[in-house]
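Below are the chains, spelled out letter by letter.
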Amino acid sequence: MNKTKALNMLGLAMRAGKLVTGEEMTLKEIRNEKAALVIVASDAGKNTQKKIKDKSSYYEIPLLDAFSADEISTAIGKPRMVIGILDQGFARKVQELILG
């Protein structure tokens, strides 16, 4: 139930222009410390997961891997494995819904 709500929030954030999608764009926003939350697909490749997790922990940006690539892609309307939320409000809400 909450997972569905969180995915709906990702869709809203996408429409509001508060998301960056794709590995390179997300890494750029992590480095610029603009990302409030990073989401990597649970079924993304090991190298992709490691690279994103390492960067996120280095810059102390929260990371979630609670969604599959299909769920992320359906929520935002694009096939993606990695997304970054740029807005604190959206990031906080998604974390609340997933982590409880």
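The model shown is predicted, which means the values in this text are computed figures rather than measured ones. Numbering of residues starts from 1 in each chain and follows the order in which that chain's sequence is written. Only residues with pLDDT of at least 70 get local features here, since the model is predicted, and only at 80 or more are side-chain atom pairs given and counted; chain-wide, interface and lining totals rely on the full set of residues. Only hydrogens and water are removed before side-chain values are computed, so all heavy atoms of the structure are retained for them.

What about the packing of helix α1 (residues 2-15) against helix α5 (residues 88-99)?
For every element, the axis is a line fit to its C-alpha atoms; helices are fit only across the contacting stretch, and the angle between N-to-C directions ranges from 0 to 180 degrees. We count a stretch as a helix when DSSP gives it H or I for four or more residues in a row; a strand needs E for two or more, and each element gets its number in order from the N terminus. Between α1 and α5, the shortest axis-to-axis distance is 8 Å and the interhelical angle comes to 165°. Judged on the interaxial angle alone, α5 and α1 are roughly antiparallel. When you trace α1 past α5, the crossing you get is left-handed. In this structure, α1 uses N2, K3, K5, A6, M9, L10, L12 and A13 to contact α5, whose residues at the interface are F90, K93, V94, L97 and I98. In what follows, roughly perpendicular refers to angles from 65 to 115 degrees, roughly parallel to angles under 35, roughly antiparallel to angles over 145, and oblique to any angle outside these ranges. Crossing chirality is assigned from the near helix's rotation relative to the far helix, an anticlockwise turn below a right angle marking it left-handed and a clockwise turn marking it right-handed. Throughout, a contact is declared for two residues whenever any of their heavy atoms are within 4.5 Å.

Considerations on the side chain of S73
In this structure, S73 sits in helix α4 (residues 69-76). In contact with S73, not counting residues within four places along its chain, are K78, P79 and R80.

Focus on the packing of aromatic side chains
Classification of ring pairs uses Phe, Tyr and Trp, with its six-membered ring standing for Trp, and accepts pairs whose centres are within 6.5 Å; under 30 degrees between planes counts as stacked, over 60 as edge-to-face, and the remaining range as tilted. Using the criterion set out here, one finds 1 aromatic pair in the structure. Ring centres of Y58 and Y59 lie 5.0 Å apart, and the angle between their planes is 85°; on these two criteria the pair is classed as edge-to-face. A relative accessible area of 22% means that Y59 is categorised as partly exposed. Each residue's exposure class comes from its accessible area (1.4 Å probe, protein chains only) as a fraction of the maximum for that residue type: buried when under 20%, exposed when over 50%, partly exposed otherwise.

Quick look at the UniProt feature "domain: Ribosomal protein eL8/eL30/eS12/Gadd45" (unreviewed entry) in the protein
Within the UniProt annotation, "domain: Ribosomal protein eL8/eL30/eS12/Gadd45" (unreviewed entry) is assigned to residues 7-86. Annotation note: span residues 7-86, helix share 49%, strand share 16%, distance between end C-alpha atoms 16 Å. UniProt positions are given in the numbering used here, feature names are shortened, and annotations may be inferred rather than shown by experiment.

Side note on the nonpolar core
The nonpolar side chains of a soluble globular protein tend to be buried with one another. Ranked by size, the top nonpolar core spans 31 residues in total, and within it L10, I39, I85 and V94 carry the most contacts. Listed by contribution, the elements that provide at least two residues to this core are α1, α2 (23-31), β2 (37-40), α4, β4 (82-85) and α5. With residues near it in sequence (within four places) discarded, I39 still touches L10, L64, F67, I72, M81, V82, I83, I85 and V94. Throughout, nonpolar core names a set of buried Ala, Val, Leu, Ile, Met, Phe, Trp, Tyr and Cys residues whose side chains join them through atoms within 4.5 Å.

Some thoughts on the sheet that holds β2
Two strands pair under a simple rule: DSSP has to find at least two bridges between them. Read across the sheet, 4 strands follow the order β1-β4-β2-β3 without closing on themselves; strand pairing throughout is mixed. Only two strands of the sheet have a single partner each, and these edge strands are β1 (19-21) and β3 (63-64). The pairing of β2 with β3 spans 2 bridges and is classified as parallel. By the bridge assignment, V38 is partnered in β3 with L63. This element, α2, spans β1, β2 and β4 of the sheet and lies at about 130° to β1.

Some points on the environment of L63
Mapped onto the elements, L63 comes out in strand β3. For L63, a relative accessible area of 26% translates into the label partly exposed. Separated by 56 residues in sequence, L63 and L7 have C-alpha atoms that sit 15 Å apart.

Some words on α1
With 14 residues, α1 extends 20 Å between its outermost C-alpha atoms, agreeing within 8% with the 20 Å of an ideal straight helix rising 1.5 Å per residue. Tucked inside the fold, the buried residues of α1 contact β1, β2, α4, β4 and α5. Among the residues trailing α1, G17 stands out with phi positive, at a value near 75°. Expected span of a helix: the number of residues minus one, times 1.5 Å.

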